[in-house]
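Per-entry structural report
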Amino acid sequence: TAFLIASDGPITNIFNSSKVTCQVNEETFDGTIKNNVTISNTGDTEAYIRAAIVVTWKDAENGNVYGSKPVEGTDYTIVMNKNDWFLGNDGCWYYKAPVAPKDQTGSVTTALITYCTVIRENAPAGYGLNVEILGSAIQSVPVSVVNEKWPAVHVDTAHGTLTKVE
């Protein structure tokens, strides 16, 4: 009974959950050419990154979107970095390697879009090309979660990289 009286109270284990966030960086945009678009891992754990690219005609005056979608090669030119990124069967672009957490070396992807430019003569009157990049991230471990939540890709566990699911 002396042990029970003299012992400390219960031990409390505190677990802090990881934060998985990302930020799209548009390093250069001069109004006609968008280039060197990267995505930073702003979370506190290693993550895989993907991006959806939405291209529309947008009225700069009031933000209205034109009724027809711009056509790549006809209305605009876009050059993607296909060495480090690949297009999944769900329409998202996936960065092949996991990205380190913020404030660490390797916390930013290489460029997704090398450059994108509008073919001016094809723009509807009063509208400009709008290229929106929507980034998302998922914690790299456990691999089973990545494979389950992002079914367009598979983690190659031997190399730690993403591969496209055919």
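Here, the structure is the one placed above.
A few points on the structure. Computed from a predicted model, the values in this text were never measured in an experiment.

A few words now on the overall build of the chain. The number of helices and strands found in the chain is two helices and ten strands. Tracing the chain from N to C terminus, the helices and strands come up as α-β-β-β-β-β-β-β-β-α-β-β. A buried classification covers 33% of the 166 residues belonging to the chain. Across the chain, contacts joining residues at least 24 apart in sequence account for 65% of those joining residues at least 6 apart. By element, 51% of the accessible surface of the chain is carried by carbon and sulfur atoms, the whole surface being about 10,000 Å².

Right, let's talk about the pattern of salt bridges for a bit. Oppositely charged side chains are able to pair whenever their charged atoms sit close together. Within the structure shown, the criterion is met by three salt bridges. For E26, the salt bridge is made with K34, and the minimal N-O distance between the two is 3.0 Å. The class of K34 is buried, set by a relative accessible area of 6%. Among the ionic pairs, K149 bridges to E148, the shortest N-O distance being 3.9 Å. Of the residues examined, K149 reaches a relative accessible area of 51% and is grouped as exposed. For E148, a relative accessible area of 56% corresponds to the exposed category.

On to the side chain of S40. Structurally, S40 is set in strand β2 (residues 33-41). Here S40 falls in the buried class, since its relative accessible area comes to 13%. Residues within four places of S40 in sequence aside, it is in contact with T21, C22, Q23, N25, S107 and V108.

This next bit is on the sheet that holds strand β6 (residues 93-95). The strands making up a sheet associate through hydrogen bonds between their backbones, and the pairing can be parallel or antiparallel. Judged by pairing direction, the sheet is antiparallel, and its four strands sit side by side in the order β5-β6-β3-β8 without closing on themselves. Where the open sheet ends on each side, the last strands, each with one partner, are β5 (85-87) and β8 (127-139). On average, each strand axis in the sheet is tilted by 25° relative to the strand beside it, whichever way the strands run. Where strand β3 (residues 47-59) and β6 come together, two bridges link them in antiparallel fashion. Pairing of R50 across the sheet is with Y94, part of β6.

As enumerated under the stated definition, the model contains four aromatic pairs in all. Ring centres of F86 and Y94 lie 5.7 Å apart, and the angle between their planes is 20°; this geometry places the pair in the stacked category. Across the pair, Y94 and F86 agree in class, each one buried. Taken together, F86, Y94 and W150 form an aromatic cluster joined through their ring pairs.

This next bit is on the nonpolar core. Counting 17 residues, the largest nonpolar core has W85, L112, I113 and I133 as its most contacted members. For this core, the elements supplying multiple residues, two or more each, are β2, β3, β4 (76-80), β6, β7 (113-118) and β8. By size, the runner-up hydrophobic cluster in this structure holds eleven residues, among which are Y48, F86, I138 and A152.

Another aspect to go through is the pairing of strand β10 (residues 161-164). Pairing of strand β9 (residues 153-156) with β10, which is carried by four bridges, proceeds in the antiparallel orientation. Looking across to β10, one finds that H154 is bridged to T163. Remark: four residues form the turn of the hairpin made by β9 and β10, two consecutive strands paired antiparallel; G160 in that turn has positive phi of roughly 75°.

Turning our eyes to something else, we now look at the environment of N62. Here N62 is to be found in the loop between β3 and β4. Only 3.1 Å separates the side chain of N62 from the side chain of N64, close enough to count as a polar contact.

Reading the values: the criteria
- Residues numbered from 1 in each chain as written.
- Predicted model: local features only at pLDDT ≥ 70, side-chain atom pairs only at ≥ 80, totals over all residues.
- Heavy atoms only, no water.
- Helix = DSSP H or I, 4+ residues; strand = E, 2+ residues; numbered from the N terminus.
- Buried < 20%, exposed > 50% of the residue type's maximum accessible area, 1.4 Å probe, protein only.
- Contact = heavy atoms within 4.5 Å.
- Areas by Shrake-Rupley, 256 points an atom, 1.4 Å probe, with all protein chains shown as cover.
- Salt bridge = Lys/Arg side-chain N within 4 Å of Asp/Glu carboxyl O.
- Pairing = 2+ DSSP bridges.
- Axes fitted to C-alpha atoms, helices over the stretch in contact; angles between N-to-C directions.
- Phe/Tyr/Trp six-rings, centres within 6.5 Å; stacked < 30°, edge-to-face > 60°.
- Core = buried A, V, L, I, M, F, W, Y, C linked by side-chain atoms within 4.5 Å.
- Polar contact = N/O pair within 3.5 Å; in protein donor to acceptor, adjacent residues only side chain to side chain.

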